[in-house]
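Overview (structure and organization)
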Amino acid sequence: MSNPFREDLVSRTRPEACTVVIFGATGDLAHRKLVPALYNLTVSGEMPPGVKIIGFARREKTDQEFRDGLDEINRKVSRTGHDEEVWKSFAPNIFYHQSEFTDADGYRRLAEKLDAIDRDRGGKGNRLFYIASAPEFFDDILTQLKAAGLNHAKDSCWSRVIVEKPFGTDLATAQHLNQVVNDTFHEKDTYRIDHYLGKETAQNLMVLRFANAIFEPLWNSRYIEQIQITCSENLGMEGGRGGYYDKSGALRDMVQNHLLQLLSLVAMEPPTDLSADGVRDEKVKVIRSLRKWDTPEKVLKNVVRAQYVKGSVDGKTVPGYREEDRVDPESMTESYVALRIMIDTWRWSGVPFYIRMGKQLPKKASEISVHFKSPPGVLFNALPTGVPGGNVLAIRIQPDEGISLRMVSKIPGTSLRLEPVKMDFQYSTSFGKASPEAYERLLLDAIAGDATLFARRDEVEEAWKFIDCIVHAWQQQETIMPMAEYVAGTWGPKEADDLLHEDGNSWRRL
C-alpha cells in the first residue's frame, strides 16, 4: 500500500504567477472576499510575485475607480488590516474590464488585454477565471470563454476556472452545467468551490481522525451513538436576499453542498494518499452510500422543514419569513431543515447523522459534534445524580474555530459527585494567530493546481441525487408534507426536536 503521507503528496506545488479574472467583479463577493483574500496572501508573502487581477463586469468604470472602491472596502474587511505601503504595490496590478457577459466582442477585448498584460506588464501567461457572477450567467461566461479561445493556455502555461455555488438547482441542471464546464475546461482544470472546505477546522478533520490513535479506533458504529452537524444563522433575508432564497431554500442552498461536504469528511474511509483524487474518491463513496428517502412516507419520517414567524433576534423584532421583502406571501420554501441521515456502510451501520440548518436562529455557528456511546453505568448508577451526559467531541467550524472534548470528572471534595468537564482547543490561542480566511486557502490552492478542497463532478451529481428525492417528495405531496413553524430567535420547530426524541436523542446546545 502506498504511504498516505509521502512527501511529494504532502508538499504543495509551488504557486505560479498568473492573471486572475473575476467575473461579477462589482459584486460583494469580489469586494468583500476575493480581492481582500488576494491582498492578505500578498501581505503574508504567500502570493507569487507577478499576480495580476482583472475585474470583469457590466458597469462603466475606469481602472482607478475600480481600485478606489476596492481600497475602501479592504480597509473595513481585510483580516490583516490595511497597510498603505502594501496596497500601493498591490493596487497597480488591478485592472477593470467592462463588458456584458453575453458580448462576444467583450471577450475578444479581454483576450487582447490579457496578452497585453503578459507582454507589457510582466504577466506569465497563466490564467485563473473566477465566475462570481449571478448563476444565470454561468453558461454564457463559459461558452464565451471557449469561443474566444481563452479556455486553452499557450505554450506550457495553464488556464483554470473556479465556479461559485450554486452549482445547479437540481440534478438535471447540475449535469447540464457540468457538461458545459467540461466542454470548455478539462476536469482537472475545473474548481467547484465550497468555501466551508477552506475553513481551517474543516481541513483539520482528516488530521484529527487519521493522525490521532485515540480517535481512529473509536470512529465507527461500535463506539459512536450519533453525529450532529449544525449550521445556524442569526440573519434572515436582509439585503434583498429574499428573491434568491425563496427559489432555493435551506436544503438546496446549504445542505446539498456545505453540509454534505462536511458529512463526507467526517464519514469517509482513509484515502490511499493525500492527492486530490485520493481524498475525493473516498468522499464520493460516502455520498453514494447515503440512504435515499425516496418516498413521501420516508421523507415525512426523516426530514423536517420549517419557516420562521415573527420573533426577536439579538433584541430586535424581526418579521416572519413570508413577510420578508421579495418573498412570496404563500411561499413553501423552507428557512429551516433538519434531517436524519443513515449511511449504509459497514463503518456507520445504525448510526444516525442529524443535520440541521436554519435562518433567524439565536446565534451564528457551525459545528460538528460526535457523541460517543456511554460506558456501562454499573459503577455509578447508584449515585443520586447518576453519570451526567457522555463523551462528546465538538468540532467548531465557526466562529472561534477549534475543538473541544467533553468528559466526566469527579468534583473535588470528600463526596463522590460527577460533573462533565471540557478540554478545549482554539486555533487563535494555541497558535497565536487567527486562521486565514477560507477564500485565501482556496484561491492559493487553485493557483497552485491543488483541487483537494474542491468538489469533483461526481460529488456534485451524487449529492443532488440525494437532495432531489426529498425535493420531489415535497413537491408531489405538499398536502401531507407539513411546513412547520418556529419563532425567530429560537432553535427551530418542535418537530425537529421530536425527530431526535424518537431515537432517544436531543440536539446539542450551542
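Scope of this entry: the structure provided in the associated data block.

Thresholds, definitions, all that
Residues numbered from 1 in each chain as written. Predicted model: local features only at pLDDT ≥ 70, side-chain atom pairs only at ≥ 80, totals over all residues. Heavy atoms only, no water. Pairing = 2+ DSSP bridges. Helix = DSSP H or I, 4+ residues; strand = E, 2+ residues; numbered from the N terminus. Axes fitted to C-alpha atoms, helices over the stretch in contact; angles between N-to-C directions. Contact = heavy atoms within 4.5 Å. Salt bridge = Lys/Arg side-chain N within 4 Å of Asp/Glu carboxyl O. Buried < 20%, exposed > 50% of the residue type's maximum accessible area, 1.4 Å probe, protein only. Polar contact = N/O pair within 3.5 Å; in protein donor to acceptor, adjacent residues only side chain to side chain. Core = buried A, V, L, I, M, F, W, Y, C linked by side-chain atoms within 4.5 Å. Right-handed = clockwise from strand over helix to strand, strands pointing away.

1. Some points on the sheet that holds strand β12 (residues 352-358)
Taken in spatial order, the nine strands of this open sheet run β16-β15-β14-β13-β7-β12-β11-β8-β17, and their pairing is mixed. Two strands bound the open sheet, and with one partner strand each, they are β16 (418-426) and β17 (484-487). Each strand of the sheet is rotated relative to its neighbour by a mean of 20°, with strand direction disregarded. Here five bridges tie strand β14 (residues 392-398) to strand β15 (residues 402-410), and the two strands are oriented antiparallel to one another. Pairing of Ala394 across the sheet is with Ser404, part of β15. Each of β7 (224-232), β11 (336-342), β12, β13 (365-372) and β14 is contacted by helix α11 (residues 250-267), which is oriented at about 145° to β12, the strand it contacts most. Across the face of the sheet, helix α16 (residues 457-476) comes into contact with β8 (303-309) and β11 while running at roughly 125° to β11.

2. Focus on the pattern of salt bridges
Applying the stated criterion to the full structure yields 38 salt bridges. In this structure, Glu112 engages Arg108 in a salt bridge whose closest nitrogen and oxygen atoms are separated by 2.7 Å. Of this pair, Glu112 and Arg108 both sit in helix α5 (residues 104-120), separated by four residues, roughly a single helical turn. For the salt bridge of Asp253 with Arg241, the shortest nitrogen-to-oxygen distance reads 3.1 Å. In this pair, Asp253 is assigned in helix α11 and Arg241 in the loop between β7 and α10 (242-245), connecting sequence segments twelve residues apart. The partly exposed category is assigned to Arg241, whose relative accessible area is 30%. Each of the salt bridges in this network shares a partner with another, and the network as a whole consists of Asp277, Arg280, Asp281, Arg288, Arg456, Asp458, Glu462 and Lys465.

3. What to know about the side chain of Ser78
With respect to the helices and strands, the residue Ser78 is situated in the loop between α3 (63-77) and α4 (84-90). Polar contacts involving the side chain of Ser78 include one to the side chain of Asn40, which spans 2.8 Å. Within the structure, the side chain of Ser78 is placed 3.3 Å from the side chain of Thr80, a separation counted as a polar contact.

4. Quick word on the sheet that holds strand β5 (residues 159-163)
The parallel open sheet is built from six strands, whose spatial order is β3-β2-β1-β4-β5-β6. Edge positions in the sheet fall to β3 (94-98) and β6 (190-192), since each has one partner strand and no second. The sheet shows a mean angle of 20° between the axes of neighbouring strands, taken without regard to direction. With five bridges connecting them, strand β1 (residues 19-23) and strand β2 (residues 52-57) associate as parallel partners. Following the sheet pairing, Ile22 is matched in β2 by Gly55. Packing against the sheet, helix α2 (residues 28-43) makes contact with β1, β2 and β4 (127-131), and its axis sits at approximately 170° to β1. Against the sheet, α5 makes contact with β1, β2, β3 and β4, and its axis sits at roughly 170° relative to β2, the strand it touches most.

5. Section: the nonpolar core
Ile22, Phe23, Leu339 and Phe353 are the most contacted members of the largest nonpolar core, which totals 147 residues. Setting aside its immediate chain neighbours within four residues, Ile22 contacts Ala30, Leu34, Val35, Ile53, Ile54, Gly55, Phe56, Tyr130 and Ala132.

6. Notes on the pairing of β2
Across the six residues of β2, six count as buried, placing the element largely inside the fold. Every second residue of β2 is oriented toward a common face, with Lys52, Ile54 and Phe56 on one face and Ile53, Gly55 and Ala57 on the other, all of them buried. In this view, the connection linking β1 to its parallel neighbour β2 by way of α2 has right-handed handedness. As paired elements, β2 and β3 share five bridges and run parallel to each other. Residue pairing across strands places Ile53 opposite Ile94, the latter belonging to β3.

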